[in-house]
Amino acid sequence: MEEIEAFIPEDRVTNLVFFVNGKKVMEPSPDPSWTLLWYLRKRLLLTGTKYGCGEGGCGACTVMLSQYRKHEDRVKHTAVNACLMPICALHGQAVTTVEGIGSTAERLHPVQERIAKAHGSQCGFCTPGIVMSMYTLLRNKTSIKYEDIETALQGNLCRCTGYRPIIEGFKTFIEPWETKYQSVDQVSSCGLGKDCCRNKNIDLQEDAKLYKPSEFIPYCPSQEPIFPPELRLNDEFYRSAFIYFRGNDGVWIRPRTLEELAIIKQKFPHSKIVMGNTEVGVEVKFKNKYYPIMISPSMIPELSVLKVVDSGIVIGAAITLNDLNDFLEIVIREQGKKAAIFESIREMLHYFAGNQVRNVASLIGNIVTASPISDLNPIMLACEAIICVYSTTYGIKYIRIDSTFFKGYRKVNIAEDEIVIAIEIPFVDSCQYFKSYKQSRRRDDDISIVTAAFNIKFADDFTVSQAQLCYGGMASTTVCATKASHAFTGCKWNDKTLKVLLKLLVEELELDDSAPGGMANYRKSLCLSLFYRFYMYVFSNMKNNGLLNTKQQSGVFQIHSEDPKSSQCFEINSNVIHKHDNIGKPIVHRSALKQATGEAIYCDDIPPLNEELYLCLIKSSECFARIKMIDVSKALALPGVVAFFSASDLSKERNKMGTIVKDEQIFASDTVSSQACVIGAVVAKSESIARKAKNLVSVIYEKLRPVVITIEDAIKHKSYFTGYPKTIRKGNVEKIFSRSRNIIEGYIRNGSQEHFYLETMSALAVRKEDDLEIICSSQNPAEISRVAAEVLGIPNHNVVTRVKRIGGGFGGKETRGVVLTIPVAIAAYKLKKPVRGVLDRDEDMQMTGFRHPSLIKYKVSCDDDGKITAAIFDMYFNAGNFMDISCSLVYKAIMHVDNCYNIPNIEVNGYLCKTNLPSNTAFRGFGAPQAMMAAEVVIRDIAEKINKPYEDVMEINLYRVGDFTHFNQELTHCTIYRCWKECIEISKYWQRKKIIKEFNSQNRWKKKGISLVPTKFGISFQTDFLMQGGALILIYIDGSVLLSIGGIEMGQGLFTKMMQVASRCLGIDITKIHISEMATDKVPNSTSTAASLSSDLYGMAVIDACRKINERLEPIKIKNPTGTWEEWISAAYFDRVSLSATGFYSAPKIEYNEETNSGNLFEYFTFGVACSEVIVDCLTGDHQVVRTDIVMDIGESLNPAIDIGQIEGAFVQGYGFYTMEEILVSPEGEVLSRGPGTYKIPTLSDIPKEFNVTLLKGAPNPRAVFSSKAVGEPPLFLSASVFFAIKEAIKYARVDAGVSPEFSLIVPATCARIRMACEDFITQEVEPTVRHVDQPWNIIL
Ligand SMILES: Cc1cc2nc3c(=O)[nH]c(=O)nc-3n(C[C@H](O)[C@H](O)[C@H](O)COP(=O)(O)OP(=O)(O)OC[C@H]3O[C@@H](n4cnc5c(N)ncnc54)[C@H](O)[C@@H]3O)c2cc1C
Ligand code: FES
Ligand code: FES
């Protein structure tokens, strides 16, 4: 690296200068590997900006970047992902983080206030990122539309809320009163004062809303902080600098001229040009690439051109995708039809990554990377764009992007010393058609499965003179189907040519099951389908377009997106006990404002402690093998590495763990049974050293066989956990079967699902004398303390675990937290130093398990009316390599297989498959969503068999009050039938079903479907000892109350609800009550916060504690009946009355007897019904949920805002499970879905376009706190209504295609499965051409 200095001018700038939240930051030797996220969090301790993935895919790290644009004389603001932003690229720019726009102590920014008060922040981990995306939008545009909000938030994921409240909160920025206010531009109020339309038009219905927009602070752009004057004044100085930053790990160079850049490139051909860093950054972080010399070409004038020339447009290499987008918008407006290619680019850009990525990424970066699934390269190839490159050897050169340009996997025809200056993209002729299409797993922010670009020139009205049919996602490079393209020349644009063409395409685009990316059938079908779409598009645009009938027109376009709307119907509790009583009121999550300002602290937000060390886990690279040798010598030799821990540091006994059965090892000692097994942990002085050291640990394995991955493998090898199957029986199944003439057999398969909590597993442990304090992101702190104490051989009272809040859990942090936290605890205790560990997203996904995939086989009989008479269910669950809590999960599944239907004779067998996958674990619903699916499939199978509407079969089988379940529990307060009737009415089900039928008869390529699904969810841990909860109340002399409970806050609003309960019980305002954290030294031996039960258990415990306090205060209150709370507390203190009390609750004993299958297993049931309507694109398999109506019985809600938030959040999470989320593993058991890039959870644009939630009125629950019900898990299954609506739509498509309407669809109903189920002439053409190989690229769980 020393040689490079000779090429750096003397007037170089070596100090990095930028501003953060208005303050100047100077960094003398910044390292090119430092990201802005790391710098903000670890150097500036601005922890509001979060780490969610590190790969630009979640938006948790969004900040605003501001730059003065001299030529436009304005400041441009862009939202960017701090995790991919090299700190070195910030010279002369200003960064604004969530802390910089408002705070709870001073002034909240309206964006922060509205997301919080509209209930758009649950766990809050995504909130700062979402706030910053919205804030940047407001800073950039004076007038916004809904689509601007949707575009701005494309790159932000939220796993809790279901997005609806976020949308609603932000939509207030486009309300007429708001926009009017903004235009008046007053500082504190509208010029019209009380006559302001905002005050006049207060929605009369506001009281019936979950929040009051009229209370929001108006948005006033003039109050925003100003751009640092120093940057504006010295803009020229900052821009014209030759930058040379030299860090420990490399250098960052920003030349001023093309010649300077070219010389460095010639002398150091391996140096890396970096533009947006969205490819390079990912390579460095996840592919262990190292680039010692990085060059930013951002200030080179030739690379910043953006102009229209005679033949087309020229785009400089330093132009970002969003700047390109803006430019194209103008060109399209000005050039009209000539701009067809630019229109295609714009359409593609809308679906290209998220807004934050498009704000920094460049077109040239995309082309040079040459990813086979690039979105833009097929367009460049189809239009034969021309690249202009420069090198010192020969100056300027022009390269045409033709079939020779993409030379191989991620290789283009550009030499290492060549610099791309710009690209020229042509206009089209009047007789030319150009179109591009993209299909991905998820519509927004997803890389493509297949991308296509078609370019056709006509010699006359119908004769093709030239064609280019180009594809991405079909080979290791972007390809042109040359044979098919050439064959087109001279052909007429008609069905005969189409037929030939499809045949040629199917032959030319070869793919088999071993192709990376999998889905060979689907990808080939897409190539043909997209071409067919183009074929129809051209027809519909030709002069004589009568050739395309109206039914076919539906194939021309993708599904159009509508602006979302919603309603929430609930009852405010009028039973107030005192003036402060807010039980039943939609009060805001008590941490929401702090979450929105970035003040809320999560585990890794705790500032670094003195002498803190960092721990990284080394996971197995084999899924079933003997460990022959572990060599850590290289890792230990790395300066800064402090220790390595492995099985040899623990006795055999202490190396064991497991919640129910101790079948796991903390560190694998001799064999590994999945790639999630931990070989050891390396501890170093910093995270970067620990991560480097981790890669230096070498392990030699001896592979063992057989490797068992799938349920089918397990069945084949009889690989079950001991004691399975577990069986329950009721009645006499065989007898009924032998008499029945209606017998149906079938199966349903449910895939897996990753929790994708936004905050990955994190832990910090500190030893203080003999005590160990652990701060971590666990749903079960008591278990963490217990295991840590056991492993360390110390009493439990020496280990205190604290959890203030966690960034989502959904069951994933119930037991698997031990994987990281226990090694961190061991290291801290043994090294006597604070030790921190945070799993990277890819580590988290590979090591902490998923929702259990399942296969459920059934045999059912029914009478001629469709009433189920008997059923056998064989349920197989893939548990992975360890038991974890899978045994409880199977039990829960067994008890939910009936869903809402009365099955008088039944046998259920639950098998627990032991495989070489990471141990699967709890996930919202805990086995029930998989099991209930079986009941729903059965209902529809019966309907088909006896030729009756499924609604009739459902209704006839629905449980009624007084019925007994298959585990013989009487349904005493069963409201399922009420929910059913109400949902049908609210959703106008029958009318809409008719309209849908009509729509389907008129549209060949778009089909709609509508479906109803009910749910019944049993509330209980199903184990007595877990059904307990503790609370502690401490009251201080000033009257303030500190409440502690045994449950943790993970966004579900538990702390808020508990404060509401205490507020009612103590008769005081909620602001006097505080819950700081869950700590095992406040409430011991608590149960995991899980099973939707925490409000029930801890609510009762809080009531108990309050009762004790009230009893003690009673005499004081009698003495001074008109006194205030503070006066009573003060009097109590001076009277020496104890002002602390514990509360405890133990739920009534479960009376269920497994032997006799009788008694009560659940405390009560939560019921609900949903109706969903979808539209399906039969050519691509894409779909959109048009509308969902939910009616849910949650008793008398403690807090309707929180409860509706849970319903919507669960629904959208379930929607991901049933339609989109797919875990891919290799045949060798390697998890391939490792982050938001490869694993897709729903985004904002995926939620139902109309989303209505109604809480059933007049259904108090006598068995829980203040007549409420548990709500966390029960609504998840209702999203299966989308799955069945999709199935209905597919059926219509199949009938149109003349194929059997009977088909099977498994969970999830992905675009690939939907398209292949919409069988037609295209899929039939493709099917025989796909070779199936023994070793496919992937297995879908
Ligand atoms: C979250 C996320 C989502 C994404 N989604 C999509 C998507 O939907 N579709 C898609 O196609 N891609 C997607 N990508 C990939 C990536 O964003 C694009 O490839 C992007 O266009 C790369 O541009 P960049 O400026 O960031 O490139 P960089 O990472 O800066 O550079 C990429 C490559 O180009 C080279 N390069 C850059 N400029 C020059 C130049 N002037 N001369 C020579 N070489 C040069 C670099 O040396 C490097 O090899 C995604 C990436 C992320 C992180
Ligand atoms: S952490 Fe940056 S996008 Fe996820
Ligand atoms: S609130 Fe959005 S991820 Fe939790």
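Residue indices follow the written sequence of each chain, beginning from 1 at its first position. Written order decides the labels, with chains lettered from A and ligands numbered from 1. Note on the predicted model: pLDDT of at least 70 is required for a residue's local features to be given, and 80 or more for side-chain atom pairs to be given and counted; whole-chain, interface and lining totals, by contrast, use all residues. Computation of side-chain values covers all heavy atoms of the structure but excludes hydrogens and water.

K.L.:
Lay out the sheet that holds strand β10 (residues 306–308) in plain terms, naming residues and giving numbers.
P.N.:
Here, a strand pair is defined by DSSP locating no fewer than two bridges between the strands. Elements are defined by DSSP. Helices are runs of H or I of four residues or more, strands are runs of E of two residues or more, and each kind is numbered from the N terminus. Here five strands make up an open sheet; going across it, the order is β10-β11-β16-β12-β13 and the pairing antiparallel. In this open sheet, the two edge strands, each paired with only one partner strand, are β10 and β13 (395–400). With direction set aside, neighbouring strand axes in the sheet form an average angle of 20 degrees. Where β10 lies against strand β11 (residues 312–316), three bridges are found, and the strand directions are antiparallel. Bridging across to β11, Lys307 finds its partner in Val314. Here, residues are in contact when the closest pair of their heavy atoms is within 4.5 Å. Axes, fitted as lines to C-alpha atoms, cover a helix only where it is in contact. Angles between the N-to-C directions of the axes lie from 0 to 180 degrees. Strands in contact with helix α10 (residues 258–267) are β12 (386–391) and β16 (419–426); relative to β16, the strand with the most contacts, it is inclined by about 120 degrees. The sheet contacts of helix α13 (residues 340–350) involve β11 and β16, and relative to β16 the element is tilted by about 120 degrees.

K.L.:
Requested: an account of the packing of aromatic side chains, with residues and values cited.
P.N.:
Note on aromatic contacts: the rings of Phe and Tyr and the six-membered ring of Trp form a pair at centre separations within 6.5 Å, being stacked when their planes are under 30 degrees apart, edge-to-face when over 60 apart, and tilted otherwise. Applying the stated rule across the entire model yields 44 aromatic pairs. Aromatic side chains Tyr437 and Phe454 sit 6.1 Å apart centroid to centroid with 50 degrees between the ring planes, which places their arrangement in the tilted category. Here Tyr437 is found in strand β17 (residues 432–440), whereas its partner Phe454 is found in strand β18 (residues 448–458), with 17 residues between them in sequence. As far as the burial class goes, Tyr437 and Phe454 line up, both buried. The interplanar angle of 75 degrees and the centroid separation of 5.1 Å between the aromatic rings of Tyr1133 and Phe1134 together place this pair among those described as edge-to-face. When accessible area is computed with a 1.4 Å probe and restricted to protein chains, residues below 20% of their type maximum are described as buried, those above 50% as exposed, and intermediate ones as partly exposed.

K.L.:
Describe in detail the site of ligand 1, supporting the description with residues and values.
P.N.:
For ligand 1, the set of nearby residues contains 31 residues, the closest of which are Lys272, Ile273, Met275, Thr278 and Ser362. A 3.5 Å cut-off defines polar contacts: any pair of N or O atoms within that distance qualifies, except that in protein one atom must be a possible hydrogen donor and the other a possible acceptor, and neighbouring residues in sequence count only when both atoms are side-chain atoms. Lys272 places a side-chain nitrogen or oxygen 2.8 Å from an oxygen atom of ligand 1. Backbone polar atom of Ala353 to an oxygen atom of ligand 1: 3.0 Å apart, as the coordinates give it. Relative to its unbound accessible area of 990 Å², ligand 1 is 92% covered by the protein chains. Elements with a minimum of two residues in the shell around ligand 1: β8 (272–273), α11 (280–286), α15 (363–369) and β16. We define proximity as follows: a residue is near a molecule or strand when any one of its heavy atoms falls within 4 Å of that partner. Areas reported here follow the Shrake-Rupley algorithm with a probe of radius 1.4 Å; residue values treat only the protein chains shown as occluding.

K.L.:
Can you break down the environment of Asp581 residue by residue, with the values?
P.N.:
Here Asp581 is to be found in the loop between β21 (565–569) and α21 (592–597). Sequence separation between Asp581 and Leu233 is 348 residues, and the spatial gap between their C-alpha atoms is 56 Å. The residues touching Asp581, leaving out its near neighbours within four places in the chain, are Asn575, Val576 and Arg1064. In this structure the side chain of Asp581 is engaged in a polar contact, spanning 3.1 Å, whose partner is the backbone nitrogen of Ile583.

K.L.:
Let's hear about helix α32 (residues 976–986): which residues, and what values?
P.N.:
If you check which residues of α32 are buried, you get Ile976, Cys979, Trp980, Cys983 and Ile984. Seen from one end, α32 has its buried residues packed into an arc of 130 degrees, which puts them on one side. On its buried face, α32 is in contact with α31 (950–957), α33 (989–1002), β39 (1006–1019), β45 (1164–1177) and β46 (1183–1193). Following α32 by one or two positions, Lys988 has its phi on the positive side, about 50 degrees. The arc refers to the directions leading from the helix axis to the C-beta atoms.

K.L.:
A description of the sheet that holds strand β9 (residues 293–295) should follow, citing residues and the corresponding values.
P.N.:
Strand order in the open sheet made by the four strands is β6-β7-β9-β8, with mixed pairing throughout. Strand pairing shows two members of the sheet lacking a second neighbour, β6 (243–247) and β8, which therefore form its edges. Of the strand pairs in this sheet, β8 and β9 are connected by two bridges, and their pairing is parallel. Note that in β9 the partner of Ile273 across the bridge is Ile295.

Everything listed here is a matter of geometry and, on its own, says nothing about what the molecule does.
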